[in-house]
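Here's the letter readout for the chains.
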Amino acid sequence: MGEVWKSAKDLKDSTVRWVDTRFSLQDVKAGKKMFDEGHLSGAVYLDLEKDLSDMNKTAGRHPLPDKETIKNLFEAHGFEYTDHIVIYDQGGMPFAPRAYWLFSYAGFPNITLVREGYEALVNIGFKVTIDKASDSISSLALQWNEDIFSTRKQVKDVSESKQGVLLDARSAERYAGHHEPIDAVAGHIPSSRNLDWELLKEQGQFKDIESALPVLTSVVSKNEEITVYCGSGVTAAPLYAMLKEAGYPKVKLYVGSYSDWITAYPVEKN
């Protein structure tokens, strides 16, 4: 347990590759603007919609890029499997966990999330710059981790067989179908359980594992096979990361999530 998130102070003397993923779902240009106005020295910027999603696809609202595109992205920034990759956003956001899952899916072995986010890194003295890092180009032979990826068909099989757990990371009222501000159909994937990802936060950052563990174990146990989803595959990523932080061995992410599911299958309300 405790290998996914680290506090900013615990990274002070580390040699790392910084990844900046600050973003706003309300203003899609805000993250890049924040990066341009100041970021950690050496950091590269990965944009939720331009890099961590393929918005030209139709499999949900934040579709997964194809493998070749992901490989090209990582090579263009010179990432290597030997890197210690440390990812930050504003703190308490789903964007760094989304990148964490993508790096994990591509097989990178040493990835860390900053618990408090960018301002905490600045406040303890990490160097800030407006200069863009000059990346070298790498050549990667990626070992894809298919065990953490779930397709719509696989989710349907779990929903029907109940051999495994589907875990909805949205709010309780969206899960129940009482209020749906984004998607065309209200409700949830049949047989799924609900664990609002916001319950994993306090005071603008993610909880430590001792505080988060009771929240997780009240809904799912470690011996269950779990597939997490949300509306578009973004806010489910913190739930995925926290389950891995807690040592849950069998966790997948349905990247298409609810917005993909409703294009093909019925839903439940309760």
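You'll find the structure just up there.
Keep in mind that this is a model prediction, so the values were computed, not measured.

## What to know about the packing of aromatic side chains
Tallied over the full model, the rule gives 19 aromatic pairs. Taken together, a centroid distance of 4.9 Å and an interplanar angle of 35 degrees make the contact between Trp 5 and Phe 206 tilted. Here the residue Trp 5 occupies a position in strand E1 (residues 5-6), and Phe 206 occupies one in strand E11 (residues 205-206), the gap between them amounting to 201 residues. When its relative accessible area of 2% is taken as the criterion, Phe 206 is described as buried. Relative to Phe 103, the ring of Phe 79 lies with its centre 5.1 Å away and its plane at 80 degrees, an arrangement referred to as edge-to-face. With Phe 79 in the loop between helix H2 (67-76) and strand E5 (85-88) and Phe 103 in helix H3 (residues 95-105), this residue pair connects regions lying 24 residues apart in the sequence. A single burial state applies to Phe 79 and to Phe 103, both of which are buried. Within the aromatic cluster, the residues linked to one another by ring pairs are Phe 74, Phe 79, Tyr 81, Phe 103 and Phe 108. Here Arg 170 stacks its cationic end above the ring of Tyr 258, 4.1 Å away from the centre of that ring.

## A look at the environment of Gln 205
Tracing the chain through its elements places Gln 205 in strand E11. Expressed as a C-alpha distance, the spacing of Gln 205 and Lys 252, which sit 47 residues apart in the sequence, is 23 Å.

## Overview of the sheet that holds strand E12 (residues 226-229)
Reading across the sheet, the 4 strands line up as E9-E8-E12-E13 and stay open at both edges, with parallel pairing between neighbours. At either margin of the open sheet sits one strand with a lone partner, and together these are strand E9 (193-194) and strand E13 (251-253). With 2 bridges connecting them, strand E8 (residues 165-168) and E9 associate as parallel partners. Residue pairing in the sheet places Asp 168 in a bridge with Asn 194 of E9.

What counts and what doesn't
- Residues numbered from 1 in each chain as written.
- Predicted model: local features only at pLDDT ≥ 70, side-chain atom pairs only at ≥ 80, totals over all residues.
- Heavy atoms only, no water.
- Phe/Tyr/Trp six-rings, centres within 6.5 Å; stacked < 30°, edge-to-face > 60°.
- Helix = DSSP H or I, 4+ residues; strand = E, 2+ residues; numbered from the N terminus.
- Buried < 20%, exposed > 50% of the residue type's maximum accessible area, 1.4 Å probe, protein only.
- Lys NZ or Arg CZ within 6 Å of the ring centre and 35° of its normal.
- Pairing = 2+ DSSP bridges.

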